Amino acid sequence: MIKKIGLLVNKKAANGNSLKISTTVCEILNSKAIDFQLFENNWPNDLLLFTEVWVIGGDGTLNYFINKFKNCKIPIAIIKGGTGNDFAWKLYGNCTLEEQISTILKCNKKAVDVGVCNNNYFLNGVGIGFDGEVLKSMKSIRWIGGHLGYLIVVIKKIFGFKEYKFNLKFDDKIIVGKFLLMSIFNSSRTGGGFYIAPKALINDGLLDVVLCKPLSVFKRLINLPKIEKGNHLELPFIHYSKTKKISIECDDSVPAQIDGELINSSKFEINIIESHFYFLF
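These numbers were taken from a predicted model, which means no experiment stands behind them.

Novice: Outline the packing of aromatic side chains, listing residues and values.
Specialist: Applying the stated criterion across every chain yields a total of 11 aromatic pairs. Between Tyr121 and Phe277, the ring centres sit 6.2 Å apart and the planes meet at 75°, which makes this aromatic pair edge-to-face. You can see Tyr121 sitting in strand β6 (residues 120-122) and its partner Phe277 sitting in strand β14 (residues 261-280), a full 156 residues away along the chain. Summarising the burial analysis for this pair, Tyr121 and Phe277 share the class buried. Look at Phe130 and Phe161: their rings are 5.1 Å apart centre to centre, the planes differ by 90°, and that puts the pair in the edge-to-face class. Residue Phe130 is found in helix α5 (residues 130-138), and its partner Phe161 is found in the loop between α6 (146-160) and β8 (164-170); the two are separated by 31 residues along the sequence. Each member of the aromatic cluster is reached from another via a ring pair, and the members are Trp43, Tyr64, Phe65 and Phe69. We note Lys70 situated over the ring of Tyr121; from NZ or CZ to the ring centre the distance is 4.9 Å. The aromatic ring of Tyr278 is capped on one face by Lys109, whose charged end is 4.7 Å from the ring centroid.

Novice: Before we move on, can you summarise the nonpolar core with the specific residues and values?
Specialist: In terms of nonpolar packing, the biggest core is built from 50 residues, with Ile128, Phe166, Leu168, Ile248, Phe268 and Ile270 touching the most fellow members. Considering each element in turn, this core owes the most residues, six residues, to strand β13 (residues 245-258). Listed in part, the 46 residues of the second largest apolar core include Val9, Ile78, Tyr92 and Leu123.

Thresholds, definitions, all that
Residues numbered from 1 in each chain as written. Predicted model: local features only at pLDDT ≥ 70, side-chain atom pairs only at ≥ 80, totals over all residues. Heavy atoms only, no water. Phe/Tyr/Trp six-rings, centres within 6.5 Å; stacked < 30°, edge-to-face > 60°. Helix = DSSP H or I, 4+ residues; strand = E, 2+ residues; numbered from the N terminus. Buried < 20%, exposed > 50% of the residue type's maximum accessible area, 1.4 Å probe, protein only. Lys NZ or Arg CZ within 6 Å of the ring centre and 35° of its normal. Core = buried A, V, L, I, M, F, W, Y, C linked by side-chain atoms within 4.5 Å.

See below:
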């Protein structure tokens with residue numbers, strides 16, 4: 001089949017760096033005589049003209065894409081063009097733009113699960129409470145961005161965050177209590193390099209549930225590096241399990257992040273849809 005690639009760019013991603021990246025991508029595709037169409041301002045209403053779609057941006061851009069095209073069945077590639085690029089890392093690891101494009105052009109499509117939270121699709125994960133508070137504060141330092149910006153806000157929040165009380169129902173479990181972290185993940189990372197769910201697989205049909213019980217400020221600080229590197233799942237104050245769906249309720253409306261997008265709710269219904277999208281990796 002002759003390729004016809006739709007290139008969808010988020011001009012604002014990484015403070016406009018995605019536009020520079022799109023220029024390089026176009027040059028590479030032109031050099032290989034591969035047919036493509038670039039969309040910078042207005043994305044198309046459908047993808048019927050294309051055999052593949054390449055999204056240039058970060059996790060927020062990809063989240064917008066999968067919620068705009070919820071039933072997309074043509075192969076998708078995410079070109080690292082954001083500040084965090086957590087899902088792109090899951091697919092391609094640490095590589096250059098040229099290496100990533102080479103991989104995308106020669107690989108076959110693979111099925112990937114998608115999570116659903118209150119009717120919003122996600123590929124990385126949902127963080128309720130603490131993660132939502134972090135995201136709300138990120139707006140003040142967006143100019144830093146990436147893992148460093150996320151880490152700065154996390155450290156600031158460690159000193160003043162008060163745990164919310166949650167009621168969780170999943171499988172045959174009912175858990176009621178206060179939690180510092182309330183994370184439901186399909187993939188492994190958030191914040192440009194926090195390995196919240198290091199064992200998560202994007203094609204196992206399961207969500208990874210990671211809960212952290214209340215901790216003192218001192219214990220929050222000394223355990224932050226363990227959580228950042230993904231060495232926390234065996235710690236005594238961590239609950240870790242896998243499930244297909246989970247219901248979470250709180251007495252008050254709480255902030256939450258869904259792949260870096262902020263929502264507020266007192267109830268979260270989360271489930272997984274197996275093999276819903278096809279990615280090139």
